[in-house]
There are 2 protein chains.
Amino acid sequence: MARVRTAMAAADVDVLLLSVGPDLPWLIGYEAMPLERLTMLVVPADAEASLVIPAFEVPRVVVRDELFTVRAWGETEDPVDIVAQLVGSASRAAIGDHTWSRFLVGLQRRLSSAAWVAAGEVTSPLRAVKDEAEIARLQAAASGVDRVAAALQSGEIPLVGRTEADVSAELSQRILAEGHAKVNFAIVASGANAASPHHHASDKVIGPGEVVLCDFGGTTAEPEGEPGYCSDITRCVYTGEPPAEFVEAYAALQDAQARSVAAAEAGTPAEAVDRVARDRLAEAGLATWFIHRLGHGIGVEAHEDPYLVDGNAEPLVAGNAFSIEPGFYVPDTWGARIEDIVIATAQGPVALNEVDHDLAVVDR
Amino acid sequence: MARVRTAMAAADVDVLLLSVGPDLPWLIGYEAMPLERLTMLVVPADAEASLVIPAFEVPRVVVRDELFTVRAWGETEDPVDIVAQLVGSASRAAIGDHTWSRFLVGLQRRLSSAAWVAAGEVTSPLRAVKDEAEIARLQAAASGVDRVAAALQSGEIPLVGRTEADVSAELSQRILAEGHAKVNFAIVASGANAASPHHHASDKVIGPGEVVLCDFGGTTAEPEGEPGYCSDITRCVYTGEPPAEFVEAYAALQDAQARSVAAAEAGTPAEAVDRVARDRLAEAGLATWFIHRLGHGIGVEAHEDPYLVDGNAEPLVAGNAFSIEPGFYVPDTWGARIEDIVIATAQGPVALNEVDHDLAVVDR
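Residues numbered from 1 in each chain as written. Chains lettered and ligands numbered in written order. Predicted model: local features only at pLDDT ≥ 70, side-chain atom pairs only at ≥ 80, totals over all residues. Heavy atoms only, no water.

1. Overview of the overall build of chain A
Definition in use: By definition, any uninterrupted DSSP run of H or I lasting at least four residues is a helix, any uninterrupted run of E lasting at least two residues is a strand, and each is numbered from the N terminus. Values of the radius of gyration come from C-alpha atoms, whereas the globule rule sets the reference at 2.2 Å times the count of residues to the power 0.38. The buried label applies to any residue whose accessible area, calculated with a 1.4 Å probe on protein chains only, is under 20% of its type's maximum; exposed applies above 50%, and partly exposed to all values in between. By the convention used here, residues are in contact when the closest approach between their heavy atoms is within 4.5 Å. None of His or the chain ends enter the tally, which takes Lys and Arg as positive and Asp and Glu as negative. Charge positions are represented by NZ for Lys, CZ for Arg, CG for Asp and CD for Glu.
Secondary structure assignment for chain A yields 9 helices and 17 strands. Over its C-alpha atoms chain A spans a radius of gyration of 22 Å, differing by no more than 12% from the 21 Å that the globule rule assigns to 364 residues. Taken along the three principal axes of its C-alpha coordinates, chain A extends 65 × 40 × 35 Å. For chain A, buried positions account for 59% of its 364 residues. Considering only intrachain contacts with a sequence separation of at least 6, the fraction spanning at least 24 residues in chain A is 65%. The averaged location of the 54 negative side-chain charges in chain A is 4 Å from the averaged location of its 26 positive side-chain charges.

Listed below in structure tokens is the structure:
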């Protein structure tokens, strides 16, 4: 909270307003319910913070270190009015990035003279640098999904003859069993479906002789009042012997991924790390099919700063946590991606995911 | 889409902008990914609609009935700029209720002369009146969770000796097995935890001689390009013979719930239905402990218009779908709630949930 107030002062922000989304659990360990009854933490620059919350959700809240007081509202009160009163005459307000626009529109109607900025301008630079306890949670999250990936690679999770959706459901159950409180996504994309990076999991039955791209992650379960941290991993397996053309492309991808992990040093611009993977895939004639950025930051949110993308010249700093996930996607044919979570440290990049990066060949 | 454009004209809205949240799947059958890469449908009052979407998510989209064209954006483009260009000189813009505030702030910076309203002012009255196909989906959703509730009541799902979280996970699996694509919540609150209406599910072990309040629901799985509809049910079971005091209170609650279902006729003000339950609980000395509104609308969203709450004098209309869920919550002691989804029809209210409303007593 002290660091947030310092950042507010630097950004000339008089009041910070946080609702649904990751800033709130990151700051006070409480996650707002994503419902129409408003929960909002009001942090004035120079006064005590207040959590405006539906009265009957008060039992869910743990107040740690007297970080805020609770302002409960009853079913016939208007919480937007309550927040507006707490904001008072602030001239520059920061609104939580994920806050529902209906609440921002309501606040703007009541506070017509205030200027508005996104809260991420205050919180994101702080969240992007992880301390040791946060890195430990990211490591635990990564180790959990590593074990799920190992079960895919060993053939312990059967693929052939099952639908993508069925495999996705099994991945989800295993993610939960590995210390996660929730699953954020469990992409299973087989054959030509692997050419769609955000394909989810369909009723398509997985056949023999197909690539199966699995990209999955969740948010860890933590003690009450503590935020969870995210995992995110991608591995590919092939159901039977892969064709030489795919093996060759995969080898280039694997090399591109390893090289870009090694390049992700503190001090290196984020876009330069993206460039390492892109150049290596270009050598293999695959650059056309690498249609997304190299990676995204990760923490309490699945995607956050820093983004490893062309145009982001910001240098990485020690404590940044991010994915490195090059891929290639050939429409109507196949696709592949390899993804690890990496920490930039003073001693160089450290990949948290350690499960095999090779293309696993399974016989069922 | 035609009805939306008519409502836009009536509300003097020049452009409607929909992103994450239920309006988008309700209108075009596509659900935006809740990530930092913006997906936004731009519906000008007098021009073709455009879906602004990350290029590599285009394969996820099914365009039905030429409702819109696709405007894909690449990884180094700024989608907020693209939306701002499509909006042009609109003087009154409606922004999707759940749209992330960071995108609204960005749009407001680029479109400084536009006035903003919440899209719900346009879409909510339309969404609140369900047609036959929507009611059929709500019925299928309700029947699915009825079967899960029956398994709780029969003792098929063991409770004593398990943690609330473990039972919640089993409920979640059963909800998915009953035709739902996702679980929205699976509250399991035992003993004194039942006094917290939005208690989720803790590591507390369920003991003998406790009330176990279970409130759960999800969103149905539908064919690609079709939106899912929500279920939501609450039933209570008691692990062993309940004390007379609880039995008496529960009987009053059950009567209050049945009476308010019967009162939910088209033409009746929403708040009057809430009043029926409140008055009946007052007779039993329980009104103090009924600390939330009677119910909420339900459809593609778990909570939507109409809300059955004191202060909402709007009359119900045929086609409204809503929960009726009175409860009592005695701090540090126990709580109970009974919830059905009900449709207001020209022939009177119809409850979609038909599983037993009695307090089930289970021996394990």
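2. Observations regarding the side chain of threonine 234 of chain A
All names here are of chain A. Where we set the bar: Pairs of N or O atoms within 3.5 Å make up the polar contacts considered here, provided that, within protein, one atom can donate a hydrogen while the other can accept it, and that residues adjacent in sequence are counted only when both atoms are side-chain atoms.
Counting through the fold element by element, threonine 234 comes out in strand E9 (residues 233–239). With relative accessibility at 0%, the residue threonine 234 sits in the buried group. At 3.3 Å, the side chain of threonine 234 forms a polar contact with the side chain of aspartate 215. At 2.7 Å, the side chain of threonine 234 and the side chain of glutamate 339 are in polar contact.

3. Digging into the relation of the copies chain A and chain B
What counts here: We superpose the copies by least squares over the C-alpha atoms of residues that have a pLDDT of at least 70 in both of them.
Take chain A, turn it by 180°, move it 0.0 Å along the axis, and it overlays chain B with an RMSD of 0.0 Å. Each copy turns onto its partner about a two-fold axis. Most of the interface of chain A is mirrored in chain B, where 100% of its interface residues are also at the interface.

4. Overview of the domain arrangement of chain A
Residue and element names in this part refer to chain A. Stated precisely, the cut-off is as follows: Domain start and end points were adopted from an automatic or database domain assignment. The term buried area refers to how much accessible surface (probe radius 1.4 Å) is lost by two components on association, counted for both of them together. One speaks of a salt bridge when a side-chain nitrogen belonging to Lys or Arg is within 4 Å of a carboxyl oxygen belonging to Asp or Glu.
Splitting chain A by domain gives domain 1 (2–126) and domain 2 (129–362). For domain 1 and domain 2, the distance between their C-alpha centroids amounts to 34 Å. Taken together, the contact pairs 13 residues of domain 1 with 11 residues of domain 2. Between domain 1 and domain 2, roughly 880 Å² of surface is buried when both sides are summed, and carbon and sulfur atoms account for 45% of that area. Together, Pro22, Trp26 and Arg64 form the three largest contributors to the area buried by domain 1 at its contact with domain 2, with a combined 37%. Linking domain 1 with domain 2 are 2 salt bridges. Those elements giving two or more residues to the side of domain 1 that touches domain 2 turn out to be helix H2 (23–28) and helix H5 (120–127).

5. Quick look at the sheet that holds strand E6 (residues 115–118) of chain A
Our working definition: Any two strands with at least two DSSP bridges between them are considered paired. Axis lines are fitted through C-alpha atoms, for helices just across the contact stretch, and the angle between N-to-C directions can take any value from 0 to 180 degrees.
Ordered in space as E4-E3-E2-E1-E5-E6 (chain A), the 6 strands form an open sheet in which the pairing is mixed. What marks the edges here is a single partner per strand, and that holds for strand E4 (69–73) and E6 of chain A. When the angles between neighbouring strand axes are averaged without regard to direction, this sheet yields 25°. Contacting strand E1 (15–18) and strand E2 (40–44) of chain A, helix H1 (residues 2–10) of chain A runs over the sheet at an angle of about 65° to E2 of chain A. Here helix H4 (residues 101–110) of chain B sits on the sheet in contact with strand E5 (92–95) and E6 of chain A, set at roughly 130° to E6 of chain A.

6. As for the sheet that holds E9 of chain A
Whenever strands of a sheet pair, they do so through backbone hydrogen bonds, lying parallel or antiparallel. Residues and elements named next belong to chain A. As summarised here, the arrangement of the 4 strands in space is E7-E8-E9-E17, forming an open sheet in which the pairing is mixed. Both outer strands of the open sheet, strand E7 (180–190) and strand E17 (360–362), are each paired with one neighbouring strand and no more. Taken pair by pair, the neighbouring strands of this sheet meet at an average axis angle of 30°, ignoring direction. On top of the sheet, helix H6 (residues 132–153) reaches E7, strand E8 (211–220), E9 and E17; it is set at about 150° to E8, its chief contact.

7. Description of the environment of glutamate 339 of chain A
Residue and element names in this part refer to chain A. For glutamate 339, the location among the structural elements is in the loop between strand E14 (334–337) and strand E15 (340–345). For glutamate 339, a relative accessible area of 0% corresponds to the buried category. Excluding residues that lie within four positions of it along the chain, glutamate 339 makes contacts with Asp215, Asp232, Ile233, Thr234, Arg235, Gln257, His296, Ser323, Ile324 and Glu325.

8. Observations concerning the packing of helix H3 (residues 79–87) of chain B against H4 of chain B
All names here are of chain B. Stated precisely, the cut-off is as follows: Comment on the angle field: the value is read as roughly parallel under 35 degrees, roughly antiparallel over 145, roughly perpendicular from 65 to 115, and oblique elsewhere. Note on convention: near helix rotated counterclockwise from far helix by under a right angle means a left-handed crossing. Clockwise means right-handed. We call Asp, Glu, Lys and Arg charged. Ala, Val, Leu, Ile, Met, Phe, Trp, Tyr, Cys and Pro are nonpolar, and the rest, Gly among them, are polar.
Running from N to C, H3 and H4 point in directions that differ by 55°, and their axes come no closer than 10 Å. Considering their axes alone, H3 and H4 lie oblique with respect to each other. The way H3 lies across H4 gives a crossing that is right-handed. Note on element contacts: H4 touches H3 through Phe103, Gly106, Leu107 and Arg110, opposite Val80, Asp81, Val83 and Ala84. Here the residues of the contact of H3 with H4 sort into 5 nonpolar, 1 polar and 2 charged.

9. With respect to the side chain of histidine 292 of chain B
Looking at the secondary structure, you find histidine 292 of chain B in the loop between helix H9 (270–283) and strand E10 (295–297). By relative accessible area, which is 5% here, histidine 292 of chain B ends up buried. A distance of 2.6 Å separates the side chain of histidine 292 of chain B from the side chain of tyrosine 329 of chain B, its partner in a polar contact. If sequence neighbours within four positions are ignored, histidine 292 of chain B has contacts with Arg37, Phe56 and Glu75 of chain A together with Pro197, Arg278, Glu325, Gly327, Tyr329 and Arg337 of chain B.

10. Here's the deal with empty space enclosed by the protein
Condition: Note on definitions: the grid is 1 Å and covers protein atoms alone; a cavity is a set of points where a 1.4 Å probe fits but cannot get out; a pocket is an open set with protein on both sides within 12 Å along at least five of seven lines; lining residues have an atom within 4 Å of a point. Grid points are joined across faces, edges and corners, and a volume is the space filled by probe spheres set on the points.
Here the structure, examined in full by the defined rule, presents 2 cavities of 30 Å³ or more. Quantified by volume, the largest cavity comes out at close to 50 Å³. Along the walls of the largest cavity sit Ser19, Val20, Ala32, Met33, Leu35, Arg37, Leu38, Thr39, Trp100 and Phe103 of chain A, which together make up its complete lining. For the lining of the largest cavity, the class distribution of residues is 7 nonpolar, 2 polar and 1 charged. Around the second largest cavity, the lining residues are Ser19, Val20, Met33, Leu35, Arg37, Leu38, Thr39, Trp100 and Phe103 of chain B. Split into classes, the residues belonging to the lining of the second largest cavity amount to 6 nonpolar, 2 polar and 1 charged.

11. So, the pairing of strand E5 (residues 92–95) of chain B
Residue and element names in this part refer to chain B. As defined by bridge partners, strand E1 (residues 15–18) adjoins E5 across 3 bridges and the pair is classed as parallel. Opposite leucine 16, over in E5, you have alanine 94 as the bridge partner. Inspection of the sheet shows E5 paired to strand E6 (residues 115–118) by 4 bridges, in the parallel sense. Note on E6: the bridge partner recorded for arginine 92 is alanine 115.

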